[in-house]
Amino acid sequence: MEKKAQYFAPSALEEALKLLQKHQLTVIAGGTDLLVQNYEKLPALGSILDMSRIDALKGIEVGKEVSIYTLTTHAQLEAHPWIKEKLPFLAAAAGEVGSPQVRNRGTAGGNIVNASPAADLAPPLISLDARVFLQKGNEERIINLEDFFLGPGQSVLEKGELLVKVVFKPPPARAAGCYIKIGQRKAQAIAITSVAVLVEMAADGKEIADIRICLGSVGPVPIRARKTEALLQGASRANLPLKEACRILEAEIAPMDDIRGTAWYRQQVSKTIFRRALMQALAHGEVR
Amino acid sequence: MSKVTGRARFADDLSFHGMLFASTVYSQHPHARIKKVDMSKAMDIPEVLAVITPDDVPGSNGVMRGFLVLAGEKVKYVGDGVALVVAKSETAARKGRDAVVVDYEPLPPVLSIDDALKSGASLVHEDKEDNIISKSRYQLKKGDLERGFAEADFIVERTYETQFVAHAYIEPEVVIAVPDFNQEFMTIYGSIQNPFSARAAVAAALGWSVGQVKIVQNAVGGTFGGKDECAILNACRAAIASIKTHRPVKLSLSREESMVEGPKRHPYRFNFKVGVKKDGSILAMKSELIAQGGAYNNKAQFTNWRASIHATGPYNIPNIETRVFGVYTNTIYGGAMRGFSSPQCIFAQESLMDEIAQELDMDPLELRRKNALSPGHTLPDGQLLGEGGLPAPLPDIIDNTARKFKYSKPAQPQEGSVKKGIGIACGFRGAGLGAEAGADATGAIVTVQSDGSITIVSGLTDNGQGLKVAFSQIVAEVLGVSLDRIVYPTTDTSIIPDGGPTVASRGVMIGGRAMEKAALEVKKKILVVAGEILQLDPEKLTIENEEIFSPDNPEKRVSYMDVVSRAYATGQMLAALSWFSTGVPEFDYETGQGKSYPTYSWGMVITEVEVDTETGLVKVNRALSTHDVGTAINPAAIKGQVYGGYVMGQGMAVLEDIEQANGFVKSKNFDEYLIPTAMDIPDIDVLIVETGDTYGPFGGKSVGEPGTEMAAASVANAIAQATGRRIRNLPCNLERVFLGYNLTRQGTAR
Ligand SMILES: Cc1cc2nc3c(=O)[nH]c(=O)nc-3n(C[C@H](O)[C@H](O)[C@H](O)COP(=O)(O)OP(=O)(O)OC[C@H]3O[C@@H](n4cnc5c(N)ncnc54)[C@H](O)[C@@H]3O)c2cc1C
């Protein structure tokens, strides 16, 4: 027989970390992944750690670095004035998640820890070179978000370890990003393929000084297209090697067939949305 | 209204003292022999009280033309129930279900129409000679097909296919069987579309007479034709469990169970051969339709008959030969779903019209206008249109719809990767059951109570489509009383004679006629009593605003309430049970000629889409849906039906498809079976056309199904026009639109 499940809802982060050391607990943030995945077997979740009262895990801080605390909801991210102004593509990605209900409950941290290759926040955050702060007891680790994911539903997060925040440097003024997601319908659609492109133009505005590209849903984890980036690094805006870039990109991704689409479709359309995202990012860059 | 405020109580909200919960053990194979059912582990669970197998069925295990309450010898699809676990809690019932061990010997499954027709195919039903559904064959013959082809300038041949589509009702099936402890009597509460069909099946399964079973329909959270075979089988299971345990038993399906076990829209394959003249006139059309019935069949004989009449569309084609049949497969099965084969037929037929127009380099609108059935023409069944016949508004509908939509063919070719397309679909729909199953008949009871309130009972059910309101309006109108007086209790099979199922948009047409008749009889009785009071000839009296008077002498009047009081005081009955029947229609089933339906509804839909040709994304921008409704009894309700109907068709066109792999259902819930969301819905405009058809009550005709049947075709045509590529099998999902064909089905390009 199962033991009686317990429900903890501490308000201090330290207490939560202690509880995690002491008990085997399932962490719940918005529950939009957890409860859906387990809705016919909720007792199997066992004892619960509800983080919703931990204020230290909420909010967005903007300074030399930007910190998005784990409990920040998609709706908050989407509406945050600084994010909206400086990183509209990240706000847009948050706005692509599910529906208003899901965006009001679902959190940035949950989106990451759930480790779906289709998670909408992963590509833009990886393109921002984000790092995640993980804490277990008194020990803190900082990992590149790109290295956080191991496979569908799998990450480097250890038992009893919490994701505290995602942190990245605000990109320079000459940078602009774009996120494009392809889903089967306009809302409540999991990405069939998605891409985030962040470009930073050189001071003369003619060359790409830096570029980061990350795709979702085209492999077991979000995929950073490093070879494509390398090709485009230093490329001139007037003479972009787009065809070659698409060819390389195609080889960098490893999509699969699933109920939402075939590998072949993903392969083809990923190139299209990459090209569109790049052009849009360049166009945004120009505006500034 | 109670559904909007949350006050409505659904079957799952009900609870009875001592109620038990049941859970069905479903098949693990699409086709397999059952070697052994070991229930010992389930019975070891303390809260489990019984495990029921076919041996426990007291009456007939076979119900509804071959469906099995529980499969005993072999399973024919993954939704077959093998055993039923009854327990004190839902959790224990599910645990018990998982603990039942069934030993199977897998058999080669028949998964497609082609599989079913292959020589040497394994038999889905071993007691049958082949996989063809008996009684599912129909044909319609008009004119001389060969001559028509000979006179044609060219011949077009095309094949189209449609998919399994789910009703996607928000409430899965729920039934509760409550035994009567004083006599052999069983009451079933449930979300059941057709209480009388349910009563017959439950009585048969129990081995009782139908009078010993009463079905009480609760608020229904959507059905669209679907809360039928699956809901009824579950009612049978719950009833048997209830007999065995002497307790009320609830069976509440999860979404996944409902998706796997329940009926779907039949997939059809259409093979067309058409002979056309250079000027666009269609001389001859041969069509062969094959329906994929799935593991069991209760409806293909009806959907197919309807298809046989409608397959060639609302066009004046002098020479027609239509053949239709259905096949069994080891898959989920087809049942009734809003439209009842017409959305499939119209998709195929209207795609074909566009392809003919393309061959002729003619505007698709003009081709339809040229061939539209018009006064003086005869319907495919031979009935005359126009003067002395049935209304034929299609030519006007085409003109008016095009004008209102500001139709013009978008210029080709278009710049850029996002392309616009406009698609047209026309349709006609035989109203009611027609000659589908003999006479179309149903009853109504109208009772004036002593306090002046009026109880109305229909043999048909309000499944959310607004019958309550329509019937109440009809009675209030006839009796000249306020709508507030009308009380419409939930349908109860023990009160009124079996009036058939609420299907085929017959609610208002047939049920409304019965209601109108009953109200007229009651009116007569009211006038007789009023005549006594006023000392006037009842024949000369009328009722208006609850006052009865003679128009000749309007000063002398008496109120409705005074009449009611007097009737009760003097022992006069102000009630009537009336029956309306179309009579058995004259119809030749060999040739499909005769009075197929008493009248038809006509319509047209135009849709504008934007297609991103580099991703396959389709955005439906706007649509205009035109419907001949006879007389619009409730315009707001008509629009509501059309909005919802359009979106169902839109889903069928671009999204919806029950994914199956080797007979197993992959899309079991709404995260994988996608329907349009509020964000996907276009601007939908409705144009109501009144033809003064005299058939229904106050001339009303059906709109429940016309509202959905043309939408998918118009969307598909719009997509084809935008991309220049015709997708001949639905849905036009991302990949098909992007590629022009599909990659996912069985991994092969089609
Ligand atoms: C209808 C619907 C639509 C959706 N649409 C989308 C979509 O379009 N795009 C998309 O990307 N996602 C979508 N999702 C998925 C989901 O909403 C998001 O991934 C959301 O961000 C998850 O956050 P949550 O707070 O609800 O996570 P939860 O469900 O609470 O948690 C998810 C997992 O992360 C763990 N966890 C959460 N926070 C922490 C933490 N701080 N430390 C350690 N472990 C933690 C939990 O234990 C659990 O295993 C959808 C979900 C639903 C139900």
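Remember, predicted model here, so these are calculated numbers, not experimental data. (Residues numbered from 1 in each chain as written. Chains lettered and ligands numbered in written order. Predicted model: local features only at pLDDT ≥ 70, side-chain atom pairs only at ≥ 80, totals over all residues.)

### Side note on the domain arrangement of chain A
Residues and elements named next belong to chain A.
Here's step 1: Its domain assignment divides chain A into domain 1 (7-50), domain 2 (55-168) and domain 3 (175-287).
Here's step 2: For domain 2 versus domain 3, the separation of C-alpha centres amounts to 20 Å.
Here's step 3: Taken together, the 23 residues of domain 2 in the interface contact 24 residues of domain 3.
Here's step 4: Those elements giving two or more residues to the side of domain 2 that touches domain 3 turn out to be helix H5 (88-95), helix H8 (122-127) and strand S8 (149-151).
Here's step 5: Here the residues of the side of domain 2 that touches domain 3 are counted per class, giving 15 nonpolar, 4 polar and 4 charged. (Domains from an automatic or database assignment. Contact = placed C-beta atoms within 7 Å. Helix = DSSP H or I, 4+ residues; strand = E, 2+ residues; numbered from the N terminus. Nonpolar A, V, L, I, M, F, W, Y, C, P; charged D, E, K, R; others polar.)

### Here we look at the domain arrangement of chain B
Often the size quoted for an interface is simply the accessible area lost on bringing the parts together.
Here's step 1: Taken domain by domain, chain B consists of domain 1 (2-107 + 172-261), domain 2 (357-428 + 599-747) and domain 3 (441-581).
Here's step 2: On a C-alpha basis, the centroid separation for the pair domain 2 of chain B and domain 3 of chain B is 39 Å.

### A short note on the confidence of the model for chain B
All names here are of chain B.
Here's step 1: Looking at chain B, the pLDDT average stands at 92 and 96% of residues meet or exceed 70.
Here's step 2: This stretch, residues 745-750, has a pLDDT under 50; its non-local contacts, to residues over four places away or in other chains, come to 5 contacts.
Here's step 3: At the level of chain-chain contacts, confidence expressed as ipTM amounts to 0.93, with global pTM at 0.92. (pLDDT = per-residue confidence, 0-100.)

### Some points on the interface of chain B and chain A
Here's step 1: If you look at the interface, chain B gives 17 residues, while chain A gives 13 residues.
Here's step 2: The residue inventory of the side of chain B that touches chain A, partitioned by class, reads 7 nonpolar, 4 polar and 6 charged.

### Here we look at the packing of helix H16 (residues 635-654) of chain B against helix H18 (residues 711-723) of chain B
All names here are of chain B.
Here's step 1: For the pair H16 and H18, interaxial distance at closest approach is 7 Å and the crossing angle is 50 degrees. As judged from the angle between their axes, H16 and H18 are oblique. The interaxial crossing formed by H16 with H18 has right-handed handedness. In this structure, H16 uses Gly645, Tyr646, Gly649, Gln650, Met652, Ala653 and Val654 to contact H18, whose residues at the interface are Ala711, Ala712, Val715 and Ala716.
Here's step 2: Considered class by class, the residues forming the contact of H16 with H18 number 8 nonpolar, 3 polar and no charged. (Axes fitted to C-alpha atoms, helices over the stretch in contact; angles between N-to-C directions. Parallel < 35°, antiparallel > 145°, perpendicular 65-115°, else oblique. Left-handed = near helix turned anticlockwise from the far one by under 90°.)

### Some remarks on the sheet that holds strand S13 (residues 213-217) of chain B
Residue and element names in this part refer to chain B.
Here's step 1: Across the sheet, 7 strands lie side by side as S3-S7-S1-S14-S11-S12-S13; this open sheet has mixed pairing. Looking along the sheet, the strands with just one partner apiece sit at the ends: strand S3 (48-52) and S13. Put simply, the sheet's adjacent strands are angled 25 degrees from each other on average, direction ignored.
Here's step 2: Each of strand S1 (20-26), S3 and strand S7 (81-87) touches helix H3 (residues 90-99); the most contacted strand, S1, lies at about 25 degrees to it.
Here's step 3: The strands touched by helix H6 (residues 195-206) within the sheet are strand S12 (186-190) and S13, with S13 carrying the most contacts at an inclination of about 145 degrees. (Pairing = 2+ DSSP bridges.)

### Overview of the site of the ligand
Here's step 1: In the neighbourhood of the ligand, 30 residues make up the surrounding shell, with A:Gly30, A:Gly98, A:Gly106, A:Gly110 and A:Asn111 lying closest.
Here's step 2: Looking at which domains feed residues into the shell around the ligand, each of domain 1 (7-50) and domain 2 (55-168) of chain A supplies at least three. (Near = placed C-beta within 6 Å.)

### Some details on unusual backbone geometry
All names here are of chain B.
Here's step 1: In this chain, leucine 730 is followed by proline 731 through a cis amide linkage whose omega measures 0 degrees.
Here's step 2: With respect to the secondary-structure elements, proline 731 resides in the loop between H18 and helix H19 (734-739).
Here's step 3: Look at phenylalanine 224: it is not a glycine, yet its phi comes out positive at around 55 degrees.
Here's step 4: Overall, the presence of 24 C-beta atoms within 10 Å leaves phenylalanine 224 in the buried class.
Here's step 5: Non-glycine residue phenylalanine 340 carries a positive phi angle of around 55 degrees.
Here's step 6: Within the secondary structure, phenylalanine 340 is located in the loop between strand S19 (334-335) and helix H10 (342-360). (Buried ≥ 20, exposed ≤ 12 C-beta atoms within 10 Å, placed from the backbone.)

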